[in-house]
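# Observations on chain architecture
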Amino acid sequence: MADRHPLFKPLIFVGGIIFGFGLGFSHMARPEVVLNFLQFDDLGLPFVMFGAAVVSGVAFALLPRIRDAAPLTGDAYERRLKPFDRNVIVGGAVFGVGWGLSGICPGAAYASLGVGNVAILWALGGMFVGAYAQGYLRSRSRDRDAAPASVD
Amino acid sequence: MVADPVLLQALAELFPNGISRYAVGGLLVGLGTVVVYAGTGIPAGASTFLESTLSYVSDQSRFGRYVGSRDWRLVFTAGIVLGGLAFAATFQSGVVTSSLYEPGTTGRLYEVAGVTLWATDVQPWRLFLGGILVGIGTRIGKGCTSGHGVCGVGSASKTSLVGVLTFLTVAIGTAQVVAALGVSP
C-alpha cells in the first residue's frame, strides 16, 4: 500500500534474511535432515521449531505491554490466533503426508533455493500447483454458495 | 558432575550432529520473526506467499483476499532466499566457522564462483508430489511449520497446537512408511 512507512518493506526484507539464514544454519533447508528427524535418526528438529516458537512467544507476550502499536504500521500487537475447525485437522494431515514424503516445508523450500538446491524447484512448483488447486476449488464452491438462486 | 558414559552414548545416537546448530538456527528463525513482528505487528508465516503470489496471475476469488499483502510477502520470501544464500557464502563455504556449527554429510556440495552450494539427493518425484500435498495442506490447514509451528505455538494458540500435533504425527508416520517401503533417498 502506498501510505505505508518507507521502512516497511526494508524491515520485512531484513527479517526474511535472518529467518532464511537460520533455516540454512539449522540444516532445515536440507530435506535429508528433516527426513532423518521423521525417521528418528537425528532428533534435532524440535530445537529449531520450538526454539523459534519460544523466541517469538517472548516477543508476542512482551511487545503489547511495551507499546500500543507497531511503529511502521500503527497496527496493534496481536497474537496469531486462528479459529479452529475441521480444516485444521484435514489440512494438517495432508500437509503431514507431503512433508513426510518430501522432507520440505514452504519456508525451508525458499531457503533451500538460496543454499543452492536447484532441485527444490520441483517442490516449489508442486506447492504452487497444490495451492492453486485448493484455491480454485474453494473459489468455485464459495461462488456457488454465494449465488444459490442463479443455479440452473 | 560425572558424565555417565551410557547416557552420553545414547545422546550421541539420538543427536549425531549435536543440538547447537539446531538451537542456534531456531533462535535466528525466531529472531527474524520478531524483527518483522516488532516493526509491523505482523506474525508472518511462509505458506501464505503461495496464494498471495498466485493472485498476481489468477483472479480466482480465493486469492483475492491476499492482494493487499502480496507485495510484502514477496519481499519476505526474497529475503528468505537471500538469507539461505548468505548462509551458503559463509558457514556452508567454510569462510566462517564456529564450534556451534556442525557441517553434516547429507546431499552433494558443488562450487559456483567461490561459493559452496548444496544439492539434495532426494528424488524429484518425492519433492514434486510432496510439494503438491504441502501446497494443498498448508492452505486448507491455515498454516505451515512457521505460521502454526513458530507464530501460532508462540501465541499459545490451541488451533496451532492441534495443527502442529497433526502434521508432525502424520509426517512421522509417512516418512517411516516410505522408508520401510525401501524408498531412498
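What comes next is a walk through the structure. (Residues numbered from 1 in each chain as written. Chains lettered and ligands numbered in written order. Predicted model: local features only at pLDDT ≥ 70, side-chain atom pairs only at ≥ 80, totals over all residues. Heavy atoms only, no water.)

When its volume is computed, the largest pocket comes out at roughly 600 Å³. Along the wall of the largest pocket there are 29 residues; nearest its centre are R80 and K82 of chain A together with P43, T48 and R73 of chain B. Tallied by class, residues from the lining of the largest pocket come to nine nonpolar, nine polar and eleven charged. By volume, the second largest pocket amounts to about 190 Å³. Lining the second largest pocket are 14 residues, with F91, Q92, Y101, P103 and G104 of chain B sitting closest to its centre. Its residues assigned to classes, the lining of the second largest pocket shows five nonpolar, eight polar and one charged. (1 Å grid on protein atoms, 1.4 Å probe; cavity = no way out; pocket = protein on both sides within 12 Å on 5 of 7 lines; lining within 4 Å. Points joined across faces, edges and corners; volume = space filled by probe spheres on them. Nonpolar A, V, L, I, M, F, W, Y, C, P; charged D, E, K, R; others polar.)

For the rest of this paragraph, the subject is the interface of chain A and chain B. Each partner contributes to the interface: chain A provides 110 residues, whereas chain B provides 127 residues. For the pair chain A and chain B, the interface holds one salt bridge. Linking K142 of chain B and D85 of chain A is a salt bridge whose minimum nitrogen-to-oxygen distance equals 2.8 Å. If you look at where chain A meets chain B, you find 41 residue pairs in polar contact (both at pLDDT 80 or more). At the level of elements, helix 1 (8–25), helix 2 (31–38), helix 3 (45–66), helix 4 (86–102), helix 5 (106–114) and helix 6 (120–146) of chain A are the ones that each hand at least two residues to the side of chain A that touches chain B. Looking at the side of chain A that touches chain B residue by residue, the class counts come to 64 nonpolar, 31 polar and 15 charged. (Contact = heavy atoms within 4.5 Å. Salt bridge = Lys/Arg side-chain N within 4 Å of Asp/Glu carboxyl O. Polar contact = N/O pair within 3.5 Å; in protein donor to acceptor, adjacent residues only side chain to side chain. Helix = DSSP H or I, 4+ residues; strand = E, 2+ residues; numbered from the N terminus.)

So, about a nonpolar patch on the surface. On the surface, L113, V118 and L121 of chain A together with Y110 and V112 of chain B cluster together into a nonpolar patch covering about 400 Å² of accessible area. Within the element layout of this structure, V112 of chain B appears in strand 1 (residues 108–112). (Patch = residues over 30% accessible without salt bridge, like charges linked within 9 Å, V, L, I, M, F, W, Y side chains within 5 Å. Areas by Shrake-Rupley, 256 points an atom, 1.4 Å probe, with all protein chains shown as cover.)

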